[in-house]
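Descriptive analysis of the structure
One-letter residues, chain by chain:
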Amino acid sequence: MIRLIYASRMTETCEMESLQEILQVSRKNNSAANITGVLIYDPSFFLQCLEGPKEVVNKLYQKVLADDRHKDETLLEYANIQERTFGNWTMGLLRTANLDQDTLKSYTGSNQFDPYKLSGERAMHFLVTVVAQEKKRLDEQCSDLVVG
Ligand code: FAD
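What counts, and where the lines are drawn
Residues numbered from 1 in each chain as written. Predicted model: local features only at pLDDT ≥ 70, side-chain atom pairs only at ≥ 80, totals over all residues. Heavy atoms only, no water. Near = heavy atom within 4 Å. Polar contact = N/O pair within 3.5 Å; in protein donor to acceptor, adjacent residues only side chain to side chain. 1 Å grid on protein atoms, 1.4 Å probe; cavity = no way out; pocket = protein on both sides within 12 Å on 5 of 7 lines; lining within 4 Å. Sits in = over half its atoms within 2 Å of the grid points. Helix = DSSP H or I, 4+ residues; strand = E, 2+ residues; numbered from the N terminus. Nonpolar A, V, L, I, M, F, W, Y, C, P; charged D, E, K, R; others polar. Axes fitted to C-alpha atoms, helices over the stretch in contact; angles between N-to-C directions. Parallel < 35°, antiparallel > 145°, perpendicular 65-115°, else oblique. Contact = heavy atoms within 4.5 Å. Phe/Tyr/Trp six-rings, centres within 6.5 Å; stacked < 30°, edge-to-face > 60°. Buried < 20%, exposed > 50% of the residue type's maximum accessible area, 1.4 Å probe, protein only. Expected span 1.5 Å × (residues − 1). Arc of directions from axis to C-beta.

1. Comments concerning the site of the ligand
Near the ligand, the surroundings consist of 18 residues, among which Ser26, Asn30, Lys63, Asp67 and Asp68 are the closest. Between the ligand and the protein, one listed contact pairs an oxygen atom with a side-chain N or O atom of Glu21 at 3.4 Å. At a separation of 2.8 Å, a nitrogen atom of the ligand approaches a polar side-chain atom of Asp68. Comparing atom positions with the cavity grids shows the ligand to sit within the largest pocket. Breaking the shell around the ligand down by element, the ones donating at least two residues are helix 1 (16–33), strand 3 (45–52) and helix 2 (54–65). Grouping the constituent residues of the shell around the ligand by class yields eight nonpolar, five polar and five charged.

2. Comments concerning the packing of helix 3 (residues 101–108) against helix 4 (residues 120–133)
Viewed as axis vectors pointing N to C, helix 3 and helix 4 meet at an angle of 175 degrees, and their least axial separation amounts to 11 Å. Considering their axes alone, helix 3 and helix 4 lie roughly antiparallel with respect to each other. On helix 4, the residues that touch Thr103, Leu104, Ser106 and Tyr107 of helix 3 are Arg122, His125, Phe126, Thr129, Val130 and Gln133. Of the residues that constitute the contact of helix 3 with helix 4, the class distribution is four nonpolar, five polar and one charged.

3. What to know about the side chain of Thr36
Along the chain, the position of Thr36 falls in strand 2 (residues 36–41). A distance of 2.9 Å separates a polar atom in the side chain of Thr36 from a polar atom in the side chain of Arg84.

4. Quick notes on unusual backbone geometry
The backbone of Asn34 sits at a positive phi, close to 65 degrees, despite the residue not being glycine. Inspection of the secondary structure assignment puts Asn34 in the loop between helix 1 and strand 2.

5. A short note on the packing of aromatic side chains
Taken as a whole, this structure holds four aromatic pairs when the rule is applied. Ring plane angle 50 degrees and centroid distance 5.4 Å describe the contact between Tyr6 and Tyr61, whose orientation is recorded as tilted. On the criterion of sequence distance, the pair formed by Tyr6 in strand 1 (residues 2–10) and Tyr61 in helix 2 is long-range, its members being 55 residues apart. Overall, the relative accessible area of 9% leaves Tyr61 in the buried class. The interplanar angle of 50 degrees and the centroid separation of 5.7 Å between the aromatic rings of Phe45 and Phe113 together place this pair among those described as tilted. Of this pair, Phe45 sits in strand 3 while Phe113 sits in the loop between helix 3 and helix 4; the two residues are 68 residues apart in sequence, bridging distant segments of the chain. An aromatic cluster is defined as three or more aromatic residues linked by ring pairs; in this entry it consists of Phe45, Tyr107, Phe113 and Phe126.

6. Observations concerning helix 4
For helix 4, spanning 14 residues, the distance from its first C-alpha to its last is 20 Å, which sits close to the expected 20 Å at 1.5 Å a residue. Buried within helix 4 we find Gly120, Ala123, Met124, Phe126, Leu127, Val130 and Val131. Along the axis of helix 4, the buried positions cluster into a sector of 160 degrees, meaning they face one direction only. Exposed and facing more than 90 degrees away from the buried side of helix 4 are Glu121 and Ala132.

Everything listed here is a matter of coordinates, which is why it stays silent on function.
Right, dumping it as structure tokens:
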């Protein structure tokens, strides 16, 4: 299996409705493709982790790269894994506004969290940390489609 983490910037075409659609489509497709992961969003960027069989993760990443609702996609980590870290979520969604702000600051050392500054290892560490902090919120979203 593969874990892939990337950062990207939202384009103007990406609004709250688009986000709901991305989430809805992702959960349906990922469930069918045996992909799990988390998506962090902010008014200006995405940070996403995808875990699953190599071929399907590669194929999905190609689709995601072609999506014009975001740009400047930058691969932070692409690693072979024995087991999933985010196996509970077909796509868990967290927004930075709901995250612990001190945690955000501690990862990039400034008020403005910037995922492009993270190494792959730091990005993974960040995701594990915020997912642990927000586990309740993530578990509640499992099957609903409300951006929370
Ligand atoms: P379709 O059935 O053709 O498309 C599904 C829906 O998405 C349609 O309603 C279509 O109108 C809409 N759509 C597709 N592309 C665009 C576009 N460029 N602009 C506006 N609307 C569009 N997909 C996943 O399957 N899993 C993921 O984990 C995932 N994560 C994503 C993360 C981010 C940050 C972004 C921006 C997109 C993500 N996507 C994800 C969406 C992905 O880019 C494709 O749009 C989607 O996989 C296409 O699904 P489909 O093949 O079923 O296509």
